[in-house]
Amino acid sequence: MANRRANFCGSDDHRIHRRGFLGAAAVAGAFAANMGVLNVLRHPTLAAELKRQQKHVILLWLAGGPSQLETWDPKPGHDNGGPFRAIETNVPGVHISELLPKMAQRMHTTCLIRSLNTRIADHGGGAALMERGRRDEPTVQYPDLGAIIARELGRADSQVPDYVSMYTSTEGRRKGTSGFLGARYAPMFLDKELMPSNIRRLEQISDLDHQQRGELRQVLGERFARGRGSNSVDSHNGAYKRVRGLMASDKLFDVSLEPQKYRDAYGPTQFGEQVLVARRLIEAGVPFVKVARAWWDSHGQNFETHLELVTELDHVMSTLLDDLQARGLLEHTLVITLGEFGRTPRINPSLGRDHFASAWSASLTGCGIQGGAVWGKTSPDGVSVADGEVGAGELFATIFQALGIDHKKDYYLGSRPIPLTNPGTEPIRDVLA
Amino acid sequence: MLRAFRGLLLCAAACGMLGLAATASAEELLPADRPIPAAVDHYIDALLTERGVKPADQASDSTVIRRITLDLAGRIPTAAEAKAYVESSDPNKRVQLVDRLLGLPEFALHQRNEMDQFLAGSDRMDAAWRDYLLAACQENRPWDVMFREMMLSEETKDSPGALGYLRSRAKDADRLTGDTSAIFFGVDITCAKCHDHPLVPDWLQDHYFGFQSFFSRTHLTKANFVAESDEGEVKFKTTSGETKSAQLMFLTGTVVSEPEPPKRSDEEKKKLKEELAKLDEQKLPHPAPEYSRRAALVELALQPGERDFFARAAVNRVWHRLFGWGLVNPIDQMHSGNPPTHPELLDWLARDFIEHGYDLKRLIRGLALSQAYSRSSLWLDGERPNQDLFAVANVKPLTPRQLGVSLELASRNQSVMPVAGDEKWQSFISGRESRAGRFTNWVEAPTNDFQVSVTEALYFSNNAEIVNEFLSSSNERLLSQLINTENREAALQTAAWNVLSRPLDQEELDLFQGYMAKREDRLPDAWQQVLWALVTSPEFRFNH
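Cut-offs and rules
- Residues numbered from 1 in each chain as written.
- Chains lettered and ligands numbered in written order.
- Predicted model: local features only at pLDDT ≥ 70, side-chain atom pairs only at ≥ 80, totals over all residues.
- Helix = DSSP H or I, 4+ residues; strand = E, 2+ residues; numbered from the N terminus.
- Buried ≥ 20, exposed ≤ 12 C-beta atoms within 10 Å, placed from the backbone.
- Contact = placed C-beta atoms within 7 Å.
- Rg over C-alpha atoms; globule rule 2.2 N^0.38 Å.
- Axes fitted to C-alpha atoms, helices over the stretch in contact; angles between N-to-C directions.
- Left-handed = near helix turned anticlockwise from the far one by under 90°.
- Nonpolar A, V, L, I, M, F, W, Y, C, P; charged D, E, K, R; others polar.
- pLDDT = per-residue confidence, 0-100.
- Domains from an automatic or database assignment.
- Pairing = 2+ DSSP bridges.
- Core = buried A, V, L, I, M, F, W, Y, C linked by C-beta atoms within 7 Å.
- Expected span 1.5 Å × (residues − 1).

1. Structural notes on the overall build of chain A
Then, in step 1: The secondary structure content of chain A amounts to twelve helices and 16 strands.
Then, in step 2: Expressed as a percentage of the 433 residues in chain A, the buried residues total 50%.
Then, in step 3: Long-range pairs, those at least 24 residues apart, make up 72% of the contacts in chain A between residues at least 6 apart in sequence.

If you want it as structure tokens, here you go:
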């Protein structure tokens, strides 16, 4: 077992922060008991502290399937290794691709899972599996990670969205699904532009009329709901009640409001700007943000594609981690890199790598994770998992546990209990802080 | 077909019967010649009496016409239709209404959309599939015939629309197995894949893999045609680790014996492979097999003694669509561990459905004419009775298309619109119906425990389409009619009939009058806001 977790940086950072977290949570609890007397959220330092303790997830979704060999699991010296070297990181013994020099200097923050065997190697099926952690049943549509996090970490009356999903280029356009959790937890999906659809008031109606029109609707809505005994009707009124609050969150999506030095740091690319928006959103209390970067599907010219995309990922991801750290948010934010599968170790005649779900990698950084840990090992040729094989379920259980969510918790579909992960699934405890 | 059926052997006794909860014998049921509504009310009322529950009153005429029109034609009634119905004193008006709606082009459009939803779900389907469904709905093709067509149509160069169901699933045997058992037979057997079913003692892995065997030779060719090979077995590992070959076993436990697959020499195998590759290259379908397992399933599933799964699943689904709750819930868990609330009624309806040639229109008509269907959805005093008693109507969310077409009608100046049922109506309403497809971008399809998304609320609140198209002041829209009506109360009532299919009560009139009075300086805006509040009210959003 020990060889699976090759190294651990030994930092005590997260432990200290965990203690801090528990202490502040107890304080918050004491105040919450007296909510009638004192509004916690009006207490500036405490409100700030609570906000900081809220947990978040930023999912960097690498659409199309990134190559594990050109990212987290290089195979230098093997025929399958390709032209890029492996470099040392600041965690002794852990090597990653030379395309990730900045992340190599931040390896102590990040844990690598190098032994995913998820079996499904077509885009649609693979993405559905890795978004949800398991396959749908004919009549059970499972919620994806974002919807579950929105449900577990969001607040029912939240004035900010609780699941935001963005993408670059049309191949990355997968809206996400809240499955049986229902539309309350469906993503706010940013289509076409870096601003949610319909979040801004049309100029032709004044703000006051917009508000009072909504109040008129609410009177009708409440009259109708009385005596109908319907949660669906209540959810209709609930959705309209959230409209004004969500409209007020439009500024979160406006990168021009961000100081120039941060815009420069993330860079002027679409992916950079989206990740900067993701940081703005979680800082404001949004529990889950997905940024899908496309298109990693390098059946030909794999190395050119990865030179471009991995270099960008290295820059943007390391900027994000530094930024979160500086704001004290990293301990409460889990940053994930994941795609629908990896790529074949064998290089095809077009110098490409094809779909490959048998032995590939993902990364986890931040909340609840042991930075510097490496789980699992692939064979020297990269073709199979040599040690510590895990599937989508184990990865999801690990993510839930890292965020303090019990992965065995049941949801109910009618009277049928549906646990968060399929029965028998265990998290990778060795990478949990 | 006959050839495919050759060699069928039944061995139910050896395998044990399973699945269906004990069905009542024919002599215990009400006579078969009772009208459907009478049978429905007989059984529903019997359970209410037994439980000592007094049902809600019948809904008002305006609610009844709205409910029936939405359920049968997929749209709200026009103001003229609603008023005429409310004002009519003809004791036969409900029957006339139902029969008229069943004859309108919208009935087939809506029936097609409902089928598309449960057969295809969110799969991206081609136009040929939707055209196939529409043609079938227009002639009220029997459900068993449609099942045959979807399962057994001959693949051709033009890819017949009926094969859309198989085509979108043929790559994934698990999905094809699970979906087919759930959709056509009302049972989700996927839990029995990895282990014997935890909740249903009579479902074993043998059943899952037995059912899968009917589809195990079905696949998609390289040129995207549905094909079936003439060999290949399903093997599975039991929980005890033993490897078993699956038999061709239907859900009832009946096993089919089939002819030996052809024995081919290596030479012949190679030749066959080359022939098929050549067809793929020429973008042609593969030839049908001598013996089709899929055909064996269809034949068996529609046999007396076996067909109850098929008939009951269809009846329960239609019941669920009209009543907002099934006689068995969830509708894909129709097994012995989850009995119906009204077993005799389900049996009676299934028998009627079979005896009348799987006629969906007849079934819909019968349910829509029952008293149980037309109860009020309001329950103001005391605890609301459990929904499986059908003592009070369930509120049902509109589908995206129902909402789209209804919004179109609600926001029209109906005095300059074709009259429902007239000669210009058909092209008008099919145009509206097809435009309504865009609502799927913003509005979620109904599910159990349906919730409205903020995406929908934001769309209605801030999208330019709503105010510039539906709530615009162009001549064809209701807003222009309201602005140009002198009498404010009359205008408010016009709006209410258009949108809610009923007049406003005094309290509502006062509410709107008060809102208007504060905006005397910008009346067109005020009218637009009043209309907005009406079309975004849950009374419009739901079928109640």
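This is not the end of the story, as more comes after the structure.
2. Considerations on the overall build of chain B
Then, in step 1: Broken down by element type, chain B carries 27 helices and eight strands.
Then, in step 2: Computed over its C-alpha atoms, the radius of gyration of chain B comes to 26 Å, within 12% of the 24 Å expected for a compact globule of 544 residues.
Then, in step 3: Here chain B, with 544 residues, has 47% of them falling under the buried criterion.
Then, in step 4: Long-range pairs, those at least 24 residues apart, make up 72% of the contacts in chain B with a sequence separation of at least 6.

3. What about the packing of helix α24 (residues 488-500) of chain B against helix α25 (residues 506-517) of chain B?
Residue and element names in this part refer to chain B.
Then, in step 1: Between α24 and α25, the shortest axis-to-axis distance is 11 Å and the interhelical angle comes to 120°. Remark: the crossing between α24 and α25 carries right-handed chirality. Residues R488, E489 and L492 of α24 form the contact with α25, whose participating residues are L509, F512, Q513 and M516.
Then, in step 2: Residues that form the contact of α24 with α25 fall into these classes: four nonpolar, one polar and two charged.

4. Details of the confidence of the model for chain A
Then, in step 1: Scored by pLDDT, chain A comes out at a mean of 88, with 87% of its residues at no less than 70.
Then, in step 2: Every residue in residues 1-42 of chain A scores below 50 in pLDDT, and together they form 49 contacts with partners more than four places removed in sequence or on other chains.

5. Things to note about the domain arrangement of chain A
Residue and element names in this part refer to chain A.
Then, in step 1: Domain parsing of chain A yields domain 1 (13-17 + 36-195 + 254-431) and domain 2 (198-249).
Then, in step 2: Taking only C-alpha atoms into account, the centre of domain 1 sits 34 Å from that of domain 2.
Then, in step 3: Facing five residues of domain 1, the contacting portion of domain 2 comprises six residues.

6. What to know about unusual backbone geometry
Then, in step 1: In this structure, the amide linkage connecting A:A294 to the following residue, A:W295, adopts the cis form with an omega of 15°.
Then, in step 2: As for its position among the elements, A:W295 is in the loop between β7 (288-294) and α11 (302-326).
Then, in step 3: The step from B:N329 to B:P330 runs through a cis peptide bond, and the omega angle for that step is -15°.
Then, in step 4: The residue B:P330 is located in the loop between α16 (308-323) and α17 (343-355) in this model.
Then, in step 5: Despite not being glycine, A:L351 has its phi angle at roughly 55°, a positive value.
Then, in step 6: Along the chain, the position of A:L351 falls in the loop between β9 (342-343) and β10 (355-356).
Then, in step 7: Judged by the 15 C-beta atoms lying within 10 Å of it, A:L351 is partly exposed.
Then, in step 8: One non-glycine residue, B:N140, lies in the positive phi region at around 50°.
Then, in step 9: Mapped onto the secondary structure, B:N140 falls in the loop between α8 (127-138) and α9 (143-152).
Then, in step 10: With 16 C-beta atoms packed within 10 Å, B:N140 lands in the partly exposed category.

7. Quick word on the domain arrangement of chain B
Then, in step 1: The domains assigned to chain B are domain 1 (124-183 + 207-298) and domain 2 (396-543).
Then, in step 2: Look at where the C-alpha atoms of domain 1 of chain B and domain 2 of chain B centre, and you get two points 46 Å apart.

8. Some remarks on the sheet that holds strand β11 (residues 360-366) of chain A
All names here are of chain A.
Then, in step 1: Overall, mixed pairing links the eight strands, which are arranged β6-β5-β7-β1-β8-β11-β4-β12 in an open sheet. Strands with a single pairing partner mark the edges of an open sheet, and in this sheet they are β6 (188-189) and β12 (374-375).
Then, in step 2: Pairing of strand β1 (residues 56-63) with strand β8 (residues 333-338) involves six bridges; the strand directions are parallel. Bridge pairing in β8 links I58 to V335.
Then, in step 3: Along the sheet face, helix α12 (residues 392-402) touches β4 (110-116), β8 and β11 and points at about 165° away from the line of β8.

9. Brief notes about the confidence of the model for chain B
Low-confidence regions, as indicated by low pLDDT, have predicted coordinates that should not be scrutinised in detail.
All names here are of chain B.
Then, in step 1: Taken as a whole, chain B shows an average pLDDT of 91; of its residues, 93% reach a score of 70 or greater.
Then, in step 2: Note that residues 1-22 has pLDDT below 50 and, in this model, 48 contacts with residues that lie over four places away or in other chains.
Then, in step 3: Two numbers describe this predicted complex: its pTM, 0.83, and its ipTM, 0.90.

10. Topic: the nonpolar core
Across soluble globular proteins, you tend to see nonpolar side chains buried next to one another.
Then, in step 1: Within the largest apolar cluster, 147 residues are counted, with the highest numbers of intra-cluster contacts made by A:L334, A:I336 and B:L531.
Then, in step 2: Ranked by size, the runner-up nonpolar core spans 101 residues in total, among them B:V40, B:L133, B:L166 and B:A314.

11. So, α16(B)
All names here are of chain B.
Then, in step 1: Over its 16 residues, α16 runs 21 Å from end to end, which matches the ideal 22 Å to within 8%, given 1.5 Å per residue.
Then, in step 2: Burial of α16 is extensive: 14 of the 16 residues sit out of reach of the surface.
Then, in step 3: After α16 finishes, the residue G324 shows a positive phi value of roughly 75°.

12. Some thoughts on the environment of B:K269
All names here are of chain B.
Then, in step 1: The topology assignment puts K269 in helix α14 (residues 266-281).
Then, in step 2: K269 gets classed as exposed once you count the C-beta atoms within 10 Å, which come to 11.
Then, in step 3: Placed 34 residues apart in sequence, K269 and Q303 show a C-alpha to C-alpha distance of 36 Å.

13. A short note on helix α11 (residues 173-185) of chain B
In an α-helix, one full turn covers 3.6 residues, which means residues spaced three or four apart are oriented alike.
Residues and elements named next belong to chain B.
Then, in step 1: Here α11 spans 17 Å end to end across 13 residues, near enough to the 18 Å set by a 1.5 Å rise per residue.
Then, in step 2: The buried fraction of α11 is high, at ten of 13 residues.
Then, in step 3: Within α11, the full set of buried residues consists of L176, T177, G178, D179, T180, S181, A182, I183, F184 and F185.
Then, in step 4: Lining the buried residues of α11 we find α7 (105-120), α9, α13 (205-213), β1 (218-220) and α16.
Then, in step 5: Backbone geometry just after α11 places G186 at a positive phi near 70°.

14. Here's the deal with the interface of chain B and chain A
The extent of an interface is frequently quoted as the accessible surface area lost upon association of the parts.
Then, in step 1: Residue-level contacts link 46 residues of chain B with 38 residues of chain A.
Then, in step 2: The set of elements that each furnish at least two residues to the side of chain B that touches chain A consists of α11, α21 (454-462), α22 (464-470), α25, α26 (523-535) and α27 (538-541) of chain B.
Then, in step 3: Among the elements that take part in the side of chain B that touches chain A, α21(B) stands out by supplying eight residues, more than any other.
Then, in step 4: Residue composition of the side of chain B that touches chain A, grouped by class: 21 nonpolar, 14 polar and eleven charged.

15. Observations regarding the pairing of β11(A)
Residue and element names in this part refer to chain A.
Then, in step 1: Of all seven residues making up β11, seven are buried, and the element is well covered by its neighbours.
Then, in step 2: With four bridges connecting them, β8 and β11 associate as antiparallel partners. Its bridge partner being in β11, V335 is matched across the sheet by T365.

16. Quick look at the environment of B:W532
Residue and element names in this part refer to chain B.
Then, in step 1: Counting through the fold element by element, W532 comes out in helix α26.
Then, in step 2: The buried category is assigned to W532, around which 24 C-beta atoms lie within 10 Å.
Then, in step 3: Each C-alpha atom of the pair W532 and L471 lies 7.5 Å from the other, and the pair is 61 residues apart in sequence.

17. Description of the pairing of β4(A)
Residues and elements named next belong to chain A.
Then, in step 1: Counting buried positions along β4 yields seven of seven residues, so the element is predominantly enclosed.
Then, in step 2: In this structure, β4 lies alongside β11, joined through five bridges in antiparallel fashion. Of the residues in β11, the one forming a bridge with L116 is W360.

18. Considering the environment of A:V383
Residue and element names in this part refer to chain A.
Then, in step 1: Within the fold, V383 resides in the loop between β13 (377-378) and β14 (385-387).
Then, in step 2: Expressed as a C-alpha distance, the spacing of V383 and F356, which sit 27 residues apart in the sequence, is 9.1 Å.
Then, in step 3: Those residues in contact with V383, other than ones at most four positions away along the chain, are P345 and A359.

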